[in-house]
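# What the coordinates show
Residues per chain are reported as follows:
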Amino acid sequence: MDAAAPQEITDPKIAAAVAAAEAAGPGPGESVRIDSWIWAVRLIKTRSLGATACRGGHVRVNGERVKPAYNVRVGDEVRLRHEGRERVVVVKRLIRKRVGAPVAVQCYIDNSPPPPPREAVAPAGIRDRGAGRPTKRDRRELERLRVLRGLSGMGGSGTGGSGRR
C-alpha cells in the first residue's frame, strides 16, 4: 500500500492541507503515539480522552491492548470503542497535529460498522418541554423503560426526589 497516494485526492485545497499535515508530521523512520494520532485524525475529541481510552483498554492496535505511548505505524489496524460505538480504522498516514475533518479522513481507511440508527440510540424517558411535573404513574413508566434498557442506575435510591419535601 502506497502511504502517499495523491491521485485519490481530487480537491486541490484538501491536497494542499494533506501535504501541509504530512510536512508537519514525523519524518521517515519516525513514529507517532497512538493517543496523539487518534486525536489528530478526529476519532476522539481531546488527547487526554485518547490517553484515558488507551489506559482503560478501549484502544487496540492489531488486536492488542495498547498504552497511550504506543507508537503507531502505517498499516496498523486501530480499534477504538468510544461513546457506545466501535471504530475500526487502518492507518494510512501518520500525522501529529490535529487537522480538519476532510484532511483527517485521508489519513485512515474506515472499516467501521455503520452507526446504529438514531431511533435506537434515543434516551429513555425524554419528556416534552412544558409538559409539567410527571405524575407518579408517569415516573413509574419512565423507571420501567429505564430498567428495560439497562439504565436503572440513573435514579439513585428510587425515591424519585432530591431529599427535600
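So, here is what we can say about the structure in this document.

Rules behind the numbers
Residues numbered from 1 in each chain as written. Predicted model: local features only at pLDDT ≥ 70, side-chain atom pairs only at ≥ 80, totals over all residues. Heavy atoms only, no water. Pairing = 2+ DSSP bridges. Helix = DSSP H or I, 4+ residues; strand = E, 2+ residues; numbered from the N terminus. Patch = residues over 30% accessible without salt bridge, like charges linked within 9 Å, V, L, I, M, F, W, Y side chains within 5 Å. Areas by Shrake-Rupley, 256 points an atom, 1.4 Å probe, with all protein chains shown as cover. Salt bridge = Lys/Arg side-chain N within 4 Å of Asp/Glu carboxyl O. Lys, Arg positive; Asp, Glu negative; His and termini not counted. Charge placed at Lys NZ, Arg CZ, Asp CG, Glu CD.

### Some details on the pairing of strand β5 (residues 77–82)
Where a strand is regular, its side chains alternate between the two sheet faces. With three bridges connecting them, strand β2 (residues 59–61) and β5 associate as antiparallel partners. Bridge assignment links Val61 to a residue of β5, and that residue is Val78. Relative to strand β6 (residues 85–91), β5 runs antiparallel, the two being bridged by six bridges. Note that in β6 the partner of Glu77 across the bridge is Val90. Hairpin geometry of β5 and β6 is characterised by an intervening segment of two residues between the two adjacent antiparallel strands and by a positive phi of about 55 degrees at Glu83.

### A few points about a positive patch on the surface
Residues Arg133, Lys136, Arg139 and Arg140 make up a contiguous surface patch of positive charge. Relative to the elements of secondary structure, Arg139 occurs in helix α6 (residues 136–149).

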